[in-house]
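Structural overview for review
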Amino acid sequence: QVQLVESGGGLVQAGGSLRLSCAASGSIFSINRMGWYRQAPGKQRELVGTITRGGNTNYADSVKGRFIISRDNARNTVYLQMNSLKPEDTAVYYCNVVENLSNKIYWGQGTQVTVSS
């Protein structure tokens with residue numbers, strides 16, 4: 001079965017940095033887009049950013065200039081480097097993968113990021 005395993009969450013002070021990782025494994029054929037979403041308490045899940053197989057990225061306006069998405073296609077892994085963190089970045093962060101051709105979507109288990117003021 002396809003599994004997305006996330007790691008790297010934790011507690012950090014405002015202005016600090018954190019790096020999240022998400023590795024896909026299992027019977028997935030080929031990965032198209034990879035990305036990150038987040039969900040804060042009482043709020044809807046929102047897009048953080050995505051990255052294509054070729055390395056093209058897009059980001060939500062709220063994180064643009066602070067967060068960087070990268071990927072290692074050989075390892076089916078996507079990363080989220082978070083810099084200049086703010087308390088409003090506090091959320092559960094979920095990675096996702098879009099399978100090539102089928103466009104099936106897979107989600108990671110989520111990792112908590114807490115930014116203290």
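Everything discussed here concerns the structure shown above.
Residues numbered from 1 in each chain as written. Predicted model: local features only at pLDDT ≥ 70, side-chain atom pairs only at ≥ 80, totals over all residues. Heavy atoms only, no water.

**Describing the overall build of the chain**
For the chain, the count of helices and strands is 0 helices and 11 strands. Reading the helices (α) and strands (β) of the chain from amino to carboxyl end gives β-β-β-β-β-β-β-β-β-β-β. On C-alpha atoms alone, the chain measures out to a radius of gyration of 14 Å, which is about the 13 Å that the 2.2 N^0.38 rule sets for 117 residues. Each principal axis of the C-alpha distribution contributes one length, and for the chain these read about 45 × 25 × 25 Å. Looking at the 117 residues of the chain, the share that counts as buried comes to 44%. Taking the contacts inside the chain whose residues are at least 6 apart along the sequence as the reference set, 54% of them involve residues at least 24 apart. (Helix = DSSP H or I, 4+ residues; strand = E, 2+ residues; numbered from the N terminus. Rg over C-alpha atoms; globule rule 2.2 N^0.38 Å. Buried < 20%, exposed > 50% of the residue type's maximum accessible area, 1.4 Å probe, protein only. Contact = heavy atoms within 4.5 Å.)

**Things to note about the sheet that holds strand β1 (residues 3-7)**
Read across the open sheet, the 4 strands follow the order β1-β3-β8-β7; overall the sheet is antiparallel. Strands with a single pairing partner mark the edges of an open sheet, and in this sheet they are β1 and β7 (67-72). Geometrically, the sheet is characterised by an average inter-axis angle of 15 degrees between neighbouring strands, direction not taken into account. Pairing geometry for β1 and strand β3 (residues 18-25), over 5 bridges, is antiparallel. Residue pairing for β3: V5 is matched across the bridge by A23. (Pairing = 2+ DSSP bridges. Axes fitted to C-alpha atoms, helices over the stretch in contact; angles between N-to-C directions.)

**Notes on the packing of aromatic side chains**
In this structure the tally under the stated criterion is 1 aromatic pair. Ring centres 5.2 Å apart and planes at 65 degrees place the aromatic pair Y37 and W107 in the edge-to-face group. Placement of the pair is Y37 in strand β4 (residues 31-39) and W107 in strand β10 (residues 105-107), with a sequence separation of 70 residues. The aromatic ring of Y94 is capped on one face by R45, whose charged end is 4.0 Å from the ring centroid. Above the plane of the ring of W107 lies R45, whose end atom (NZ or CZ) is 4.6 Å from the centre. (Phe/Tyr/Trp six-rings, centres within 6.5 Å; stacked < 30°, edge-to-face > 60°. Lys NZ or Arg CZ within 6 Å of the ring centre and 35° of its normal.)

**A word on the pairing of strand β9 (residues 91-99)**
Counting buried positions along β9 gives 8 out of 9 residues, so the element sits mostly inside the fold. As defined by bridge partners, β4 adjoins β9 across 7 bridges and the pair is classed as antiparallel. Bridge pairing in β9 places Q39 opposite V92. Two elements, β9 and strand β11 (residues 111-116), share 3 bridges in a ladder whose sense is antiparallel. From the neighbouring strand, Y93 faces β11, where its bridge partner is T111. Here β9 folds back onto β10 in antiparallel fashion, the turn holding 5 residues, of which L101 has a positive phi close to 75 degrees.

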